[in-house]
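The residues making up each chain are set out below.
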Amino acid sequence: QVQLVESGGGSVQAGGSLRLSCAASGYTYSNNCMGWFRQAPGKEREGVAAILTGGGVTYYADSVKGRFTISQDNAKNTVYLQMNSLKAEDTAMYYCAAGWMRGGRWYETREYNYWGQGTQVTVSS
């Protein structure tokens, strides 16, 4: 089993930055992909970014390319999401997820077996 705990959420003004962290514990070798998803009220949960834990290959949603960066620190067993140039549309609950991706569908929630509790990100104008 894998446990994921997010941190780093908060309230910022448009144009500001936040760094989210996801600390993983348990049998993390059962997963080859870590992803960040977000869900705003009344909307579907959407993939934001993902990283293949073995090789470090990253993926991003078009809406965050150039602004967000996903990374990992194996020594701390933690993945990060650096969010810059935040916009009001980035406001959502952000979730960390772990799974075993085979078909390249990093953005599909069904590809992930473990989820964190979420951390709220609010961007105001």
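Above this text sits the structure in question.
The shown structure was predicted, so the numbers you read here are calculated from the model rather than taken from an experiment. (Residues numbered from 1 in each chain as written. Predicted model: local features only at pLDDT ≥ 70, side-chain atom pairs only at ≥ 80, totals over all residues. Heavy atoms only, no water.)

1. Brief notes about the packing of aromatic side chains
- Taken as a whole and assessed by the stated rule, the structure comprises five aromatic pairs.
- Where Phe37 meets Tyr112, the ring centres are 5.1 Å apart and the plane angle is 80 degrees; that geometry is what we call edge-to-face. Taken together, the residues Phe37 in strand β4 (residues 33–39) and Tyr112 in strand β10 (residues 112–115) connect sequence positions 75 residues apart. Comparing Phe37 with Tyr112 shows no difference in burial state: the two are buried.
- Three or more aromatic residues joined by ring pairs form one cluster here, namely Phe37, Tyr112 and Trp115.
- Taking NZ or CZ as reference, Arg45 lies 3.9 Å from the ring centre of Tyr95, over its face. (Phe/Tyr/Trp six-rings, centres within 6.5 Å; stacked < 30°, edge-to-face > 60°. Helix = DSSP H or I, 4+ residues; strand = E, 2+ residues; numbered from the N terminus. Buried < 20%, exposed > 50% of the residue type's maximum accessible area, 1.4 Å probe, protein only. Lys NZ or Arg CZ within 6 Å of the ring centre and 35° of its normal.)

2. Here we look at the side chain of Ser21
- Tracing the backbone shows Ser21 in strand β3 (residues 18–26).
- Judged by relative accessible area, Ser21 falls into the buried class, the value being 14%.
- Not counting chain neighbours up to four residues away, the residues in contact with Ser21 comprise Val5, Glu6, Ser7, Trp36, Thr78, Val79 and Tyr80. (Contact = heavy atoms within 4.5 Å.)

This is a description of form; function is not addressed.
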